[in-house]
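Coordinate analysis (summary)
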Amino acid sequence: MPQYSKILETRPKANEKIIVIATGGTIAGSGEDGRTTEYRAGTIDVSDILETIPQINNLAEIEMVPLISVDSNEMNERYWIKLRNTINEQAKRPDVDGIVITHGTDTIEETAYFLNLTIATEKPVVLTGAMRPATATSPDGPFNLFQAIALAANEKAHDCGVMCLFSSTIYSARNIAKTNNHKIDAFGLNEQAALGYMRDADVFITNHPTTKHTLRSKFCNQQFDAFPKVKMATYYAGADTDILDALKHDCDGIVVIGTGSGNYSQAWMQKLDELAESGIVIVRSSRVPHSIVFDEQIFDPKNHFIGSNTLTPFKARILLMLCLTQTRNIEEIRNTFFRY
Ligand SMILES: NC(=O)C[C@H](N)C(=O)O
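Every value quoted in this text rests on a predicted model; they were computed, and no experiment measured them.

Concerning unusual backbone geometry
In this structure, Asp-200 takes a positive phi of about 50 degrees despite not being glycine. Within the secondary structure layout, Asp-200 lies in the loop between β11 (196–199) and β12 (202–205). Residue Asp-200 is classed as exposed on the basis of its relative accessible area, which comes to 51%. At Asn-309, a position not held by glycine, the phi torsion is positive, near 60 degrees. Along the chain, Asn-309 turns up in the loop between β16 (306–307) and α7 (313–323).

Examining the confidence of the model for the protein
Confidence in the prediction for the protein averages 94 pLDDT; 96% of positions are at 70 or higher. In this model residues 1–12 is a low-confidence stretch, pLDDT under 50, and it forms 24 contacts with partners more than four residues away in sequence or in other chains. For this predicted complex, the interface score ipTM comes out at 0.97, while the overall pTM is 0.94.

Describing the site of the ligand
Residues in close proximity to the ligand include Gly-25, Thr-26, Asp-71, Ser-72, Asn-73, Gly-104, Thr-105, Asp-106, Ala-130 and Met-131, which together make up its full environment. Ala-130 has a polar backbone atom sitting 2.9 Å from a nitrogen atom of the ligand. Protein chains shield 93% of the accessible area of the ligand, which is 270 Å² for the free molecule. Grouping the constituent residues of the shell around the ligand by class yields two nonpolar, six polar and two charged.

Thoughts on the sheet that holds strand β1 (residues 17–24)
As summarised here, the arrangement of the eight strands in space is β4-β1-β5-β6-β7-β8-β11-β12, forming an open sheet in which the pairing is mixed. Strand pairing shows two members of the sheet lacking a second neighbour, β4 (61–70) and β12, which therefore form its edges. The sheet shows a mean angle of 25 degrees between the axes of neighbouring strands, taken without regard to direction. With two bridges joining them, strand β8 (residues 169–172) and β11 adopt antiparallel strand pairing. Looking at the pairing, Thr-169 lines up with Tyr-197 of β11. Contacts from helix α2 (residues 77–92) reach β1, β4, β5 (98–102) and β6 (125–128), with the element oriented near 165 degrees to β4. The strands that helix α4 (residues 141–152) touches are β1, β4, β5, β6, β7 (163–166), β8, β11 and β12; relative to β5, the one it contacts most, it runs at about 155 degrees.

The rules behind the values
Numbering of residues begins from 1 in every chain and follows the order in which that chain's sequence is written. Predicted model: local features are reported for residues with pLDDT of at least 70 only, side-chain atom pairs are reported and counted for 80 or more only, and whole-chain, interface and lining totals are derived from all residues. The basis for every side-chain value is the complete set of heavy atoms in the structure, and neither hydrogens nor water enter the calculation. Secondary structure elements are taken from DSSP: a helix is a run of H or I of four residues or more, a strand is a run of E of two residues or more, and numbering for both begins at the N terminus. Here's how the labels work: a residue is buried when its accessible area is under 20% of the maximum for its type, exposed when over 50%, partly exposed in between, all with a 1.4 Å probe on protein chains only. The pLDDT score gives, residue by residue, the confidence of the prediction method on a 0 to 100 scale. The contact rule is simple, with two residues in contact once any of their heavy atoms fall within 4.5 Å. Put simply, a residue is near a molecule or strand once any heavy atom of it comes within 4 Å of that molecule or strand. Polar contacts here mean pairs of N or O atoms no more than 3.5 Å apart (in protein, one a potential hydrogen donor and the other a potential acceptor; neighbouring residues in sequence count only if both atoms are side-chain atoms). Per-residue accessibility takes into account occlusion by the displayed protein chains alone, with areas from the Shrake-Rupley method and a 1.4 Å probe. Asp, Glu, Lys and Arg are counted as charged, while Ala, Val, Leu, Ile, Met, Phe, Trp, Tyr, Cys and Pro are counted as nonpolar; the rest, among them Gly, fall into the polar class. DSSP bridges decide pairing: two strands pair if at least two such bridges lie between them. Simply put, an axis is a line fit to the C-alpha atoms, just over the touching stretch for a helix, and the angle between two N-to-C directions goes from 0 to 180 degrees.

So, in structure tokens, the structure goes:
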């Protein structure tokens, strides 16, 4: 691993205790020295990265919890439950002030939103990662990790819901989306504002989430072992309904990734009506990156589908999955989609 510049410690050690939970991803990736591509995610110990940024000791006392070490494409519901339980356990400790999770960027937005809906703490919980592996020339992970720890150690970050920190921007778990797959500033927002920004270790919160999260979420005290099966189907010009027939077995819900405002052909509408009548809950979302999907008559004349509102299709899947652990009532789920 290359040496990063070492900054002299001049300030006394801070009192805040921050737990860093490592899950893998490119931030802990390694490959050929200097290269940004062709690496293996989740192969380096995050404590080695922490050693390259000793100025972190001016901000907080760090305790590492290595949980798993995977490329985030291996993340799944089982790992989400494990991570959620670990966060809840650590957050209950009176000596812990905040929690940082290192995670791959490919699915970080799904993990973050799941945690936002299910953890029971007001303490800052911040996810971060990197686009360049630790062995690259000028990796972005160390600075993201530094800022994520600074954010988690800052009292302004309390009760903001789960946050993600990338390139000095503080994102809400609900609204962050990966929008670029080759630059270090790889994240954007789905029609919403950021929660704030950072200047080195200084935190500026400019907005608070208006949707329910953490302690105000109706899922935060629920025990989970497994989840109802929610699948996804993408519509494209000329798409056959075969895919919907294939998905309907062993299926509790389907998120349709439609065009425009959550749209599809008449044939898809008829098939989706049929599936809804058989008890599968259908959410309409859109493949358009900046979109809002409202309930509407033209593509849902029977009013038995649910619009994803401002959620991306992937986050709509998580919310539907959690809703289905409590109810199958369409009105109740629709109402939750407006408030979470
Ligand atoms: N930049 C990254 O972290 C991508 C990596 N494939 C991951 O999601 O684990």
